[in-house]
Amino acid sequence: MYIFKNTEQNNFKASDLETKSMLYLLGMHKEKEQIETIVVDCFNDVTGINTAENNLWDIQSKNHSIMNPKKIGKSLFTLFDNFESNFNFLEYILFIPKLEPKYLINSSLNSYGSSNIVERTIIRVENGLTAEYERVNKKQPDVTSLREFMELVIYVQDYKRVNTYIKQITKFKSNSIKSEEFYKSIFDEIRNVQASKKNSFIEGESIKTISDVLLFNRHLHKRDIHTLIINRFVGGDLFAINTIPFPFMQVLNQYDDIQDQQDLLVDCNSNICKSFFNKNDNKRFWRVTESIISELNSDSSQGISDIYNQINGDKLKLPFLNKKSLLFLISIIKNGWKDED
Amino acid sequence: MKIKKVGFGDGNEAFIESRFKENVNIIFSEGNNKGKTLLIQGLMYSMGNEPIFPSGFNFKDYHFYSLVQIKNKDYEFLRHGNSIIVRNENFLQICNTISEFKHFFNKVIEGLPIIKKDARNKVVDLHLLFELFFLGQDNRVPSNLIVKGQYNKIDFLSMVYTLKGIENQEPEKYDLKNEQIKLEILKQDKKNLLKKLKIAKLNTKVAGFTQKSIDKELFNKKKQELEKINKSILDLKKDRYREFNRKIKLESLLFELNSLNKNLSQGKTHCGECGSDKIIFTNDEFDFEISNKDVRSRIINSINENIEIKEEIIQEYDLQIQNEVNQFNKEIELSSPDLGEYILFKDEIINATSIDEEIYSKQISIDKANQIISSITVFSSDNSKEREDLIKEITDEMNRLYHIIDPNGNLTFNELFPKKDQTFSGSEGQEFYFCKLIAINTILDHKYPIIIDGFRNGEISSDKERKMIEIYERLSKQVIITSTLKSEEYAIDKYKNTNTINVIDYNNHKDSKILSQKFSKDFVTIIESFDISLNKN
């Protein structure tokens, strides 16, 4: 018998937290609307880039079982390093498990600046950061620069439950109740894709502008994550509850006979099911969902026929999706779309 | 569950009752025909009960509405015919059959008990559930269920066991040999019927059929009635056929989905360089699969569930068709013997409409028998003692209650459904039902109200009535009961409002005319709020 003892067991927990930090940036951060692309393991664990590609939101996540002030300081190093670079980082976020209340002035906050950390602790945090800086750079950090950085850094605590992160991402709200596992499986998919982004070798490479980083294919677009989640929700709801999405009523009302209506509903559900099972043409189906979402993003009050025309529904010619089924798909997504107040 | 509002009517006249409180509600009037029964039956009907309206009330012409709080959430139900629309703050659901409504109720509103019936698990129909806490004025037969449908009293007991967490198992023991013999007989029956159908089809023309010798007017009237029923049978059959088709479609969908998924595993792609079969799309930044395993298995489960629901809907149609056929036969039996030729006509219609119906029902029985035979080997643990104990607990409580309201009474209850030959005289039937509903409420501790239409039918004495009301008050849950008063009782204001009693007087309603224009505007507003034009009724 051989017992595995020296595997990188922390890797799993760590990448979980990295994924959470990414979802945080896309779904909960106050400037989430601006963030368009997420770069993985380039500047830091996770870095958000805006559409104009001139701003960066930098996140370092750390999952030590005991997060003492020294370790917090050490964890801040990569963020500080980026602070000192000539790239334009807008925000420096340390994503960590809940800290012990004794370190904090108000321990009920989920995100806070250094000012919420008690003075004794903040000194030890700074010492930890300085020590790490000296270890790596073999010199002392600039004190004014370090102080300035400490004023800027934001600490965000992990909310724990995976569904909270998933639910916050999109404006699409599903009607039916889904199990914890359902959310976990979506989360795992995102985590795996995120992890696979790290498989290339970029150590030592250099870039001149922010947009150069996209050449390494270590990024994910926000719309991909959105599409993924909405796709999973829609798939999970097919046939699950036979609620008719409101916008589809206009199609359904073209039929007087209830039996004809029922047939239509079964057909539409069936066709979308087939699309979900058909792996041979999945890219095109994915693009359709994506374009529906993007239409709703630009104007959620559009009618389903408008969206159908906007995405060139007649010309798509997808294997299973006829016009009514596509309208049904649009209706499901539109029906679940809840604009925030 | 709390009842907040009940309404029914059409565009011209309506009635709305919203005076219910969360304690004991007594609805009363002097004399009958004030609409109490319509209100109570309308309430239950709106929530999917079988119709048991007083004769002469054409319930099919009206819409029935209720606002009910279930698990602290408000739900509105609007029923017309067999369509029920359910609405709460988050959704609007249209159910076109009662089975569909039941499954929606079970899934989204509140889980319903599941019992074993004919060797398979079945979510109980709402009318069976309602017998736990609702007693209508009519059809009272202590020895059996009030609304049977496809259920019997054993199913009611199964439901009671299930609600108390006693493992659900088929109460009847099947004998394999016996079942196999039954199956053979059924198959033979079906064969014979097929032959009969063949012959019937040969004689479709009624030779020399004349109407000379019979009363033309009577004949035409009869003929119209029969044709109406016949049309309704044909319509139902058409609907059933459509539903059946959809079920088949879903079954083939399952096959197709499986093969769509298989296509991929058959034509395996390998990487020419390293031999790995893990080929994923990474070109132009596309990294996700179109669906994941969870989504796919969820879809498959949902389709399977849908197929089961469709089966139930088909059974519901079966029952409706059976009812219509019975009605048809009854009409014919009522025909006067003068209609000699007419009887001839009858044979033709019956042959045409009901032989294939009989064949169909034989097929259902054959399926059922097959199912039972295949499940007989399944071992189930014996928990007959637990069952007996529960029934004893309930009947003990019934006897205790009985002695409170009738200290000198000489009845003893041993079962929830007394033997047929045990007759209850005078007020005893009412006392039995009272004890049964209250005891079930106490022992099962269920969350439903108590609803009794005519709670003192059978001349319950004032003393007993007073004790009953006291018991209702102590339940501290919503109780809705109705009572018809004699003039002298009405004159002395028999029921008075208290902290625990809410009295609702129906005496000002015109005789046999609860529906009025007074409420029609409000009712139309309610109906329109459901966007009823969507519901093609």
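Cut-offs and rules
- Residues numbered from 1 in each chain as written.
- Chains lettered and ligands numbered in written order.
- Predicted model: local features only at pLDDT ≥ 70, side-chain atom pairs only at ≥ 80, totals over all residues.
- Helix = DSSP H or I, 4+ residues; strand = E, 2+ residues; numbered from the N terminus.
- Buried ≥ 20, exposed ≤ 12 C-beta atoms within 10 Å, placed from the backbone.
- Contact = placed C-beta atoms within 7 Å.
- Expected span 1.5 Å × (residues − 1).
- Pairing = 2+ DSSP bridges.
- Axes fitted to C-alpha atoms, helices over the stretch in contact; angles between N-to-C directions.
- Core = buried A, V, L, I, M, F, W, Y, C linked by C-beta atoms within 7 Å.
- pLDDT = per-residue confidence, 0-100.
- Parallel < 35°, antiparallel > 145°, perpendicular 65-115°, else oblique.
- Left-handed = near helix turned anticlockwise from the far one by under 90°.

Moving on, we get to the overall build of chain A. Check the secondary structure of chain A and you find 14 helices and 7 strands. Here chain A, with 341 residues, has 41% of them falling under the buried criterion. A separation of at least 24 residues holds for 72% of the contacts in chain A among residues at least 6 apart in sequence.

In this section: the overall build of chain B. Of regular secondary structure, chain B possesses 13 helices and 13 strands. The buried share among the 537 residues of chain B stands at 31%. Sequence separation of 24 or more characterises 74% of the internal contacts of chain B that already satisfy a separation of 6 or more.

To continue, consider helix 8 (residues 222–237) of chain A. Between its first and last C-alpha atoms helix 8 of chain A spans 23 Å; for 16 residues at 1.5 Å apiece the expected length is 22 Å, and the two agree. Once helix 8 of chain A finishes, Phe239(A) follows within two positions and takes phi at roughly 60°, a positive value.

All right, on to the interface of chain A and chain B then. Between chain A and chain B, the contact holds 38 residues from the first and 38 residues from the second. Contributions of two or more residues to the side of chain A that touches chain B are made by helix 7 (180–196), helix 8, helix 10 (258–277) and helix 11 (282–298) of chain A. Per-element accounting of the side of chain A that touches chain B gives the leading share, 10 residues, to helix 10 of chain A.

This part is about the sheet that holds strand 5 (residues 111–113) of chain A. All names here are of chain A. An order of 5-6-4-3-2-1-7 is seen for the 7 strands of this open sheet, with the pairing classed as mixed. For this open sheet the edge positions go to strand 5 and strand 7 (219–221), each flanked by a neighbour on one side alone. The mean angle between the axes of side-by-side strands here comes to 25°, regardless of whether they run parallel or antiparallel. Here 3 bridges tie strand 1 (residues 35–40) to strand 7, and the two strands are oriented antiparallel to one another.

In this section: the pairing of strand 3 (residues 56–61) of chain A. Residue and element names in this part refer to chain A. Of all 6 residues making up strand 3, 6 are buried, and the element is well covered by its neighbours. Here strand 2 (residues 46–50) folds back onto strand 3 in antiparallel fashion, the turn holding 5 residues, of which Glu53 has a positive phi close to 55°. With 6 bridges connecting them, strand 3 and strand 4 (residues 89–96) associate as parallel partners. Bridging across to strand 4, Asp58 finds its partner in Tyr92.

What follows concerns the nonpolar core. Leu25(A), Ile330(A), Ile333(A) and Cys435(B) are the most contacted members of the largest nonpolar core, which totals 172 residues. Core analysis: the next-biggest nonpolar cluster, separate from the first, contains 9 residues, Leu236(B), Ile313(B), Ile321(B) and Val325(B) among them.

Turning our eyes to something else, we now look at the confidence of the model for chain A. In this model, chain A carries a mean pLDDT of 85, and residues with pLDDT of at least 70 account for 93%. Of all helices and strands in chain A, the one with the weakest mean pLDDT is helix 1 (residues 9–27) of chain A (80), whereas helix 12 (residues 304–310) of chain A scores best (93).

This part covers the environment of Glu251(B). Residue and element names in this part refer to chain B. Structurally, Glu251 can be placed in helix 6 (residues 216–266). Taking the C-beta count within 10 Å as the criterion, Glu251 has 14 such neighbours and is therefore assigned partly exposed. Along the chain, Glu251 and Asn306 lie 55 residues apart, while their C-alpha atoms are 9.8 Å from each other.

What follows covers the sheet that holds strand 10 (residues 134–135) of chain B. All names here are of chain B. Read from one edge to the other, the open sheet built from 5 strands follows the order 10-11-12-3-13, with strand pairing classed as parallel. If you trace the sheet from one side to the other, it starts and ends with strand 10 and strand 13 (501–505), each paired once. Alignment of strand 11 (residues 450–452) against strand 12 (residues 479–485), held across 3 bridges, turns out to be parallel. The residue of strand 12 that forms the bridge with Ile451 is Ile480.

Glancing now at the packing of helix 9 (residues 384–405) of chain B against helix 10 (residues 428–444) of chain B. Residues and elements named next belong to chain B. Where helix 9 contacts helix 10, the two axes come as close as 8 Å, and the packing angle between them is 130°. By the angle between their directions, the pair helix 9 and helix 10 is classed as oblique. In this structure, helix 9 crosses over helix 10, and the sense of that crossing is right-handed. Where helix 9 abuts helix 10, its residues Glu393, Ile394, Glu397, Met398, Leu401, Tyr402 and Ile405 lie against Glu431, Cys435, Lys436, Ile438, Ala439, Ile440, Thr442 and Ile443.

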